[in-house]
Amino acid sequence: MNGFPSLTGLRLHARARHVPGVLLLLLANALLCGVLSRTVEVYPDPDAVTPLIALGPLVAAAALGSATLEPLPEIAPTTARSGPLPRLALYLALALAGAVPLSLVTPAGDAGTTSYGPGVMARNTLGVSGLCAASAVVLGARLGWLPVLGYGAAVFLGGRTLRPYATTTRVWAWLNQPVGDRLALGVALAVFLAGGALYVAKGARTVRE
């Protein structure tokens, strides 16, 4: 009514997009990151463990991308094509469901250090969620995780070869910037909003089998 989906419609939309399974994956991802982040505090070589924790936002974004898949076969005949409002609700709910648990289970890092602290985990999860959403529009949901993985690999493998706090590095490698870097935060939020707007407006690309 008045263009807003009913509560029943939202529940059916969520089930059709595998949301229960995605939420379980997000919870397991947060728990694993929480365990690893505590391990760093007693591990003799923290730099060897930190990249594993940094994967948390990438896994959360990939999980969000899987929720943009077409409905389950047994539900598909009863569901209409999702409109902008259900897509908006899905995007915001899953992005927050990925970011909030990660920020809660991760201990705080020191300001000005390259850290995996709560703020960085939330920033990175929102940013890569926007990247994944935009990728789903362009490539389809089944391949939407590829640019996220490629970008993450490029940042963590090549980001340290540039001058650490050069402006260009802070922009393109915002994923690996220190706690409290406002430019990196601004870029991440811009990617989150732009990717989300594109997904809400267009939806995931339908890939023919």
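For clarity, every value in this text was computed on a predicted model and none was experimentally measured.

Attention shifts here to helix H4 (residues 84-105). Between its first and last C-alpha atoms H4 spans 32 Å; for 22 residues at 1.5 Å apiece the expected length is 32 Å, and the two agree. Among the residues of H4, Pro86, Arg87, Leu90, Tyr91, Leu94, Ala95, Gly98, Ala99, Leu102 and Ser103 are the ones counted as buried.

If you look at the biggest cluster of nonpolar residues, it comprises 22 residues, and the most contacted ones within it are Leu26, Tyr91, Leu94, Leu102 and Tyr199. For this core, the secondary-structure elements that each account for two or more residues are helix H2 (19-40), helix H3 (46-66), H4, helix H5 (118-139) and helix H8 (182-202). Looking at which element gives the most residues to this core, the answer is H4, with six residues. Core analysis: the next-biggest nonpolar cluster, separate from the first, contains 13 residues, Ala61, Val128, Val148 and Ala184 among them.

Here we take up a nonpolar patch on the surface. Judged by side-chain polarity, Val138, Leu139, Leu143, Trp145, Leu146, Leu149 and Leu198 come together as a nonpolar surface patch covering roughly 580 Å² of accessible area. Residue assignment for the nonpolar patch shows that the elements contributing at least two residues are H5 and helix H6 (145-158). With three residues, the single largest contributor to the nonpolar patch is H6. Of note, Leu149 is situated in helix H6.

Let us now look at H5. In a regular helix each residue adds 1.5 Å, so 22 residues correspond to 32 Å; H5 covers 31 Å between its end C-alpha atoms and thus fits that length. Immediately downstream of H5, the backbone of Gly140 shows phi near 100°, a positive value.

Our focus in this paragraph is the packing of aromatic side chains. Overall, the coordinates contain three aromatic pairs when judged by the stated rule. Relative to Phe192, the ring of Tyr91 lies with its centre 5.1 Å away and its plane at 20°, an arrangement referred to as stacked. One end of the pair, Tyr91, is in helix H4; the other, Phe192, is in helix H8, with 101 residues separating them in the sequence. Among the aromatic residues, those joined into a cluster by ring pairs are Tyr91, Phe192 and Tyr199.

Per-residue confidence for the protein chain gives a mean pLDDT of 75, with 67% of residues at or over 70. When the elements of the protein chain are averaged for pLDDT, helix H1 (residues 7-16) gives the smallest value, 56, and H8 the largest, 94. Here residues 72-80 is modelled with pLDDT under 50, and outside its nearest four sequence neighbours on either side it reaches 11 contacts, counting other chains as well.

Using the criterion set out here, one finds one salt bridge in the structure. With a shortest N-O distance of 3.0 Å, Asp181 and Arg170 are connected by a salt bridge. Residue Asp181 is located in the loop between helix H7 (167-172) and H8, and its partner Arg170 is located in helix H7; the two are separated by 11 residues in the primary sequence. Owing to a relative accessible area of 9%, Asp181 belongs among the buried residues under this scheme.

Turning to its location among the elements, Tyr151 is positioned in helix H6. The buried category is assigned to Tyr151, whose relative accessible area is 16%. Along the primary structure Tyr151 and Val128 are separated by 23 residues, whereas in three dimensions their C-alpha atoms are 9.1 Å apart. Looking at Tyr151, its side chain comes within polar contact range of the side chain of Trp174, at 3.1 Å.

Moving on to the packing of H4 against H5. Taken N-terminus to C-terminus, the directions of H4 and H5 make an angle of 155°; their axes are 8 Å apart at the nearest point. Overall, the two elements H4 and H5 adopt an arrangement that is roughly antiparallel. Judged by the sense of rotation from one axis to the other, the crossing of H4 with H5 is right-handed. For the pair H4 and H5, the contacting residues are Tyr91, Ala95, Gly98, Ala99, Leu102 and Ser103 in the first and Pro118, Met121, Ala122, Thr125, Leu126, Ser129, Gly130 and Ala133 in the second.

The rules behind each value
- Per chain, the residues get numbers from 1 upward, laid out in the order the sequence is written.
- Predicted model: local features are reported for residues with pLDDT of at least 70 only, side-chain atom pairs are reported and counted for 80 or more only, and whole-chain, interface and lining totals are derived from all residues.
- Hydrogens and water molecules were not included; the side-chain quantities draw on all heavy atoms of the structure.
- Where helices and strands are cited, they refer to DSSP runs of H or I of at least four residues and of E of at least two residues respectively, numbered from the N terminus.
- One fewer than the residue count of a helix, multiplied by 1.5 Å, yields its expected span.
- Per-residue accessibility, obtained with a 1.4 Å probe over protein chains only, is compared with the maximum for each type, and a residue is labelled buried under 20%, exposed over 50%, and partly exposed between these values.
- Side-chain atoms within 4.5 Å link the members of a nonpolar core, which is a set of buried Ala, Val, Leu, Ile, Met, Phe, Trp, Tyr and Cys residues.
- Note that patches include only residues with greater than 30% relative accessible area and no salt bridge, and the join distances are 9 Å for like charges and 5 Å for nonpolar side chains (Val, Leu, Ile, Met, Phe, Trp, Tyr).
- Here the open area of atoms and residues is found with the Shrake-Rupley method and a 1.4 Å probe, where only the protein chains shown may cover a residue.
- Only one rule defines a salt bridge in this text: a Lys or Arg side-chain nitrogen within 4 Å of an Asp or Glu carboxyl oxygen.
- Pairing of aromatic rings covers Phe, Tyr and Trp, the last through its six-membered ring, and needs centres within 6.5 Å; plane angles under 30 degrees mean stacked, over 60 mean edge-to-face, and all others mean tilted.
- What pLDDT conveys is the predictor's confidence in a given residue, as a value from 0 to 100.
- Any two residues whose heavy atoms approach within 4.5 Å are treated as being in contact.
- Two N or O atoms count as a polar contact when they lie within 3.5 Å, although within protein this holds only if one can serve as hydrogen donor and the other as acceptor, and sequence-adjacent residues are included solely when both atoms are side-chain atoms.
- Axes here mean lines fitted to C-alpha atoms, for a helix over just the part in contact, with angles spanning 0 to 180 degrees between N-to-C directions.
- By the definition adopted for this analysis, an angle is roughly parallel if under 35 degrees, roughly antiparallel if over 145, roughly perpendicular if from 65 to 115, and oblique otherwise.
- Here is the rule for handedness: rotate from the far helix to the near one, and if that takes an anticlockwise turn smaller than a right angle the crossing is left-handed, while a clockwise turn gives right-handed.

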